[in-house]
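Chain residues, written in single-letter form:
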Amino acid sequence: MRIRIVGAGAMGRGIAQWAASAGHTVELADVRPEAVREALGFVASMLDRAVAKGRMSAAAREASVARLVPLADPWAAGPDVELVIEAVREDLETKAEVFGKLERALPASTVFATNTSSLSVTRIAATLQDPTRLAGLHFFNPVPLMRIVEVVPGAATRPEIPALLTALVEGCGHRAVTVADTPGFLVNHAGRGLVTEALALLEESVAEPAEIDRIARDVLGLRMGPFELMDLTGLDVTAAVIDSIWLGFRHEDRLRPSFLTPNRVAAGLHGRKTGRGWYAYGDGASGPAPESPVTGDGERPVFLVRGGRPETAAYEEELAGALEAAGVRIERGARPSAEAVVLVPVWGTAVSAAVADGLPRERTFGVEVLPAAGRRRVLAVTAAGDAAAARDARAVLARAAGGGEPYAVSVVRDTAGSVAQRLLSSVVAVGCSIAERSLAAPADIDLAVTTGLGYPAGPLAWGERVGAVRMLALQRALHATTGDPRHRPTRWVTERAALGLALTDPGTSPVDCLR
């Protein structure tokens, strides 16, 4: 296929390398001729690196470079051009101007694709004389390494074009997911679950950014915590995406922005690129400060509250077994002794509920029951908790079985659901809301999130690990305890819990019944 790429910046040059390496002839054009020269040099250097690392032969490198055709005029006639991929700046008027000129220069058979990440594909297409020829083809940076592409049909896109683009993407070794033309498409939309809930936790003073990041990494298994991610991406970029998706979905509560971000953006606290964000960078400082050492009496006995609920019983038994294996003295009986610290395994409810049942408020603490991806446990303290007793509870939780490496223990403010559960519930809920609106297929949602965001599992598969019944219990408890509509259970989870279906199951639709 002969492909013309208009825009030789970071995305355009990455797409050019990807397509040429897969055997396609690539015309690379930009309104600045020097940008094309720089892009060709960059692609050649990246291919040289691939040869040096043994990922590409020298002959394949030469053939790929030979397939790159510098184009002095982006609007030149091209009777053989089958596809144009536009990769210019994110501005509707600019993109409309580019496609208007291309429409006059290229044959009617040439398919147009926009690499927009935030603009409506339908609105871009509407500026053309023939809006049926354009679709979205959203790549992620760096293109050769991020092996996922969103194929986004506009409202008027011809039905054969998404299939053509999907075949192209997969023929070049990437995975394609078909996504509805909605704000944020799929990956950016799904990614709001983590950062919006992390910001909500910070708003409520549940924990500092560093503690939330540690829990996200060591309990949930994320490669990077939400505040680290915002610093890497840039808070100016992240806040703009959050706002645009929330506005696009007409103030959907689940996607609600935080009041914390506008002032930080105005102050230039954007993250790594400005030297300071949620963390400081440069001049000897880089990222969060080390966490406080564990102190306190690790020999103190523990009274472990058992809830007796089916959705938490397995988690409670797992925690009890781990503490006993570490040599922790666990008291038996109906009431704790005057010496014991009281640990309440939390699943969707707050420690304050246990205190209301007559437990000693100064030494009753919550403990996270989600199985940790790393060696970390989480202790939740109420405003009435005694600091010395909390230090002892932290020391107890840090103990490991058989003299192994001790656990790190985060201390957070008591909140319904705990930090990890709220983050997980939000990720799952946003993914399920995408599925229930039929914006993408369940399998595509999970594929796009794991590939595009690097999560250990897609939101539906992650929720399925917990189970639809347990997820529903968590979401109901969060909603009932907080009254915040951001936590309301999704229809997707509610139906599947009632019907015994997996969260990854697309289910039967009315359309299926009419075929």
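In this text, all values refer to a predicted model and were calculated from it rather than measured experimentally.

Glancing now at the overall build of the chain. Each helix and strand counted, the chain has 21 helices and 15 strands in total. In terms of C-alpha radius of gyration, the chain reaches 26 Å, essentially the compact-globule figure of 24 Å for 515 residues. Here the C-alpha coordinates of the chain stretch approximately 85 × 60 × 45 Å along the principal axes. Within the span of the chain, comprising 515 residues, buried residues form 53% of the whole.

This paragraph deals with the sheet that holds strand E1 (residues 2-6). Ordered by their spatial adjacency, 8 strands build an open sheet running E3-E2-E1-E4-E5-E6-E7-E8, and the pairing between neighbours is mixed. Both edges of this open sheet fall to strand E3 (68-71) and strand E8 (175-178), since each of them pairs with a single strand only. Going from strand to strand, the sheet's axes swing by 25° on average, the running direction of each strand aside. Alignment of strand E7 (residues 148-153) against E8, held across 4 bridges, turns out to be parallel.

Turning next to the packing of aromatic side chains. All told, the structure shown has 4 aromatic pairs when counted by the stated rule. A cation sits over an aromatic face here: Arg 13 above Phe 42, 4.9 Å from the ring centre.

The terminal C-alpha atoms of helix H6 (residues 160-171) lie 17 Å apart, and with 12 residues this matches the ideal 16 Å at 1.5 Å per residue to within 8%. Among all positions in H6, only Ile 161, Pro 162, Leu 165, Thr 166, Leu 168 and Val 169 are buried. The buried residues of H6 occupy an angular sector of 160° when projected down its axis, which confines them to one face. Opposite the buried face of H6, at more than 90 degrees from it, the exposed residues are Ala 163, Ala 167 and Gly 171. Positioned one or two residues after H6, Gly 173 has a phi angle of 95°, which is positive.

Now for the packing of helix H9 (residues 209-218) against helix H10 (residues 226-233). Viewed as axis vectors pointing N to C, H9 and H10 meet at an angle of 105°, and their least axial separation amounts to 7 Å. As summarised for this structure, H9 and H10 are arranged roughly perpendicular, according to the angle between their axes. When H9 is examined against H10, the residues Pro 209, Ile 212, Asp 213, Ala 216 and Arg 217 are found in contact with a partner set consisting of Pro 226, Phe 227 and Glu 228. Here the residues of the contact of H9 with H10 sort into 5 nonpolar, no polar and 3 charged.

For the rest of this paragraph, the subject is the pairing of strand E5 (residues 111-114). Moving residue by residue along a regular strand, the side chains alternate between the two faces of the sheet. Burial along E5 is two-sided: Val 111 and Ala 113 and Phe 112 and Thr 114, pointing in opposite directions, are all buried. The pairing of strand E4 (residues 83-86) with E5 spans 4 bridges and is parallel. Across the sheet, residue Leu 83 finds its bridge partner in E5, namely Val 111. Following the chain from E4 across helix H4 (residues 92-105) to the adjacent parallel E5, one finds a crossover that is right-handed.

Glancing now at unusual backbone geometry. For the bond running from Asn 141 to Pro 142, omega is 0°, close enough to zero to count as cis. Its location among the elements puts Pro 142 in the loop between strand E6 (134-138) and E7. In this structure, Phe 185 takes a positive phi of about 50° despite not being glycine. Checked against the element boundaries, Phe 185 lands in the loop between E8 and helix H7 (187-190). Among the residues examined, Phe 185 registers a relative accessible area of 2% and is labelled buried. If you check the backbone angles, Ser 205 has positive phi at about 60° while not being a glycine. Tracing the chain through its elements places Ser 205 in the loop between helix H8 (192-203) and H9.

How each quantity is defined
- Residues numbered from 1 in each chain as written.
- Predicted model: local features only at pLDDT ≥ 70, side-chain atom pairs only at ≥ 80, totals over all residues.
- Heavy atoms only, no water.
- Helix = DSSP H or I, 4+ residues; strand = E, 2+ residues; numbered from the N terminus.
- Rg over C-alpha atoms; globule rule 2.2 N^0.38 Å.
- Buried < 20%, exposed > 50% of the residue type's maximum accessible area, 1.4 Å probe, protein only.
- Pairing = 2+ DSSP bridges.
- Axes fitted to C-alpha atoms, helices over the stretch in contact; angles between N-to-C directions.
- Phe/Tyr/Trp six-rings, centres within 6.5 Å; stacked < 30°, edge-to-face > 60°.
- Lys NZ or Arg CZ within 6 Å of the ring centre and 35° of its normal.
- Expected span 1.5 Å × (residues − 1).
- Arc of directions from axis to C-beta.
- Parallel < 35°, antiparallel > 145°, perpendicular 65-115°, else oblique.
- Contact = heavy atoms within 4.5 Å.
- Nonpolar A, V, L, I, M, F, W, Y, C, P; charged D, E, K, R; others polar.
- Right-handed = clockwise from strand over helix to strand, strands pointing away.

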